[in-house]
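Inside the fold
Residue strings, one per chain:
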Amino acid sequence: MRRLTPDPGPTTVDEQLDGYRPWEETREERPFLATNFAVTADGRAAIGGRSGPIGSEQDTEMLAGLRTRFDAVMIGAGTMRVERYDSLPGERPLVLVSGRLDLPWEAPVFAEERGRVLVFTASEVEPPETAAEVEVVRHEGRVDLAEALRHLRHERGIRALLSEGGPHLHAQLWAEGLADELFLTTAPKLTGAEAPRILEGERLAATAELELAWLLEHEGELFARYRRPG
Ligand SMILES: NC(=O)c1ccc[n+]([C@@H]2O[C@H](COP(=O)([O-])OP(=O)(O)OC[C@H]3O[C@@H](n4cnc5c(N)ncnc54)[C@H](OP(=O)(O)O)[C@@H]3O)[C@@H](O)[C@H]2O)c1
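Parameters at a glance
Residues numbered from 1 in each chain as written. Predicted model: local features only at pLDDT ≥ 70, side-chain atom pairs only at ≥ 80, totals over all residues. Heavy atoms only, no water. Helix = DSSP H or I, 4+ residues; strand = E, 2+ residues; numbered from the N terminus. Polar contact = N/O pair within 3.5 Å; in protein donor to acceptor, adjacent residues only side chain to side chain. Contact = heavy atoms within 4.5 Å. Phe/Tyr/Trp six-rings, centres within 6.5 Å; stacked < 30°, edge-to-face > 60°. Buried < 20%, exposed > 50% of the residue type's maximum accessible area, 1.4 Å probe, protein only. Lys NZ or Arg CZ within 6 Å of the ring centre and 35° of its normal.

The next point concerns the side chain of Ser98. Take Ser98: it is sitting in strand S5 (residues 94-98). A polar contact of 3.5 Å, which involves the side chain of Ser98, links it to the backbone nitrogen of Arg100. Discounting chain neighbours no more than four positions away, the residues touching Ser98 are Ala77, Leu103, Phe120, Thr121, Ala122 and Val143.

See below:
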């Protein structure tokens, strides 16, 4: 892997993430929040309805490494229904955002005793018994993401949160000014098919300018880290 900017030269995922300390950037009202996506060169966030075929093994290494730098990982129900998460390293909680609570309860993260899941939902449905520890926080109408992040910061001690999507949750986070950074892997491939981009549904009030914090390259795949200009 090469670092193209800043300070060009050889690097590794571990070396890049070693000095990356998002928990030191926590906010008073919410955790520091970074989002992570992989896209094709034509800007699509899924191939055949899944994110897996987009990135390489290096991208998987980056995803796994990033998870260890955050206190919790958040996804929307749409991503959970397709990607069926495992439990996270170090018993980090998986934070789920769901309107309907129509979740794949047989997925590994619910089936494993070490799984820890915190669900924010607007539904009154009771979750089934699972081996994993599942807690539910209920909101009226739809999940108020600013309020959910405040809860994570103050009630759960979450200082740094990694959002792994999907596009509908992601768009709200940027539209509501709740995201600080974007890790974006661009794979050297085209899909040409109809598939979501990394922001869907919610419109940004204005174009959000980003600063490039680093750019890495491995076998034609680009790993960018963008941040909101300070
Ligand atoms: N390329 C990548 O890196 C990447 C990453 C993640 C996902 N993806 C892909 O993206 C696709 C899924 O897209 P998506 O946009 O449907 O995923 P999503 O944003 O994870 O899920 C959308 C769902 O989340 C719930 N939700 C989001 N905001 C909410 C709010 N404020 N209040 C209540 N519920 C809320 C709703 O769930 P309910 O249905 O329960 O109401 C909504 O239907 C899949 O194909 C997946 O593979 C790609």
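Next comes the rest of the write-up.
Under the counting rule described, the total for this entry stands at five aromatic pairs. Summarising the aromatic geometry, the rings of Tyr20 and Trp214 are spaced 6.1 Å apart at their centres and angled 65 degrees between planes, so their arrangement reads as edge-to-face. Of this pair, Tyr20 sits in the loop between helix H1 (13-18) and strand S3 (32-40) while Trp214 is found in strand S10 (residues 211-218), placing the two residues 194 residues apart along the sequence. In terms of burial, Tyr20 and Trp214 fall into one category: buried. With a centroid separation of 4.7 Å and an interplanar angle of 45 degrees, the aromatic rings of Trp105 and Phe110 are classed as tilted. Clustering of aromatic rings is evident, with ring pairs tying together Tyr20, Phe70, Phe183 and Trp214. One Lys or Arg, Arg225, reaches over the ring of Trp214 and ends 4.8 Å from the middle of that ring.

Note that every value here comes from positions in space, so none of it alone points to a role or purpose.
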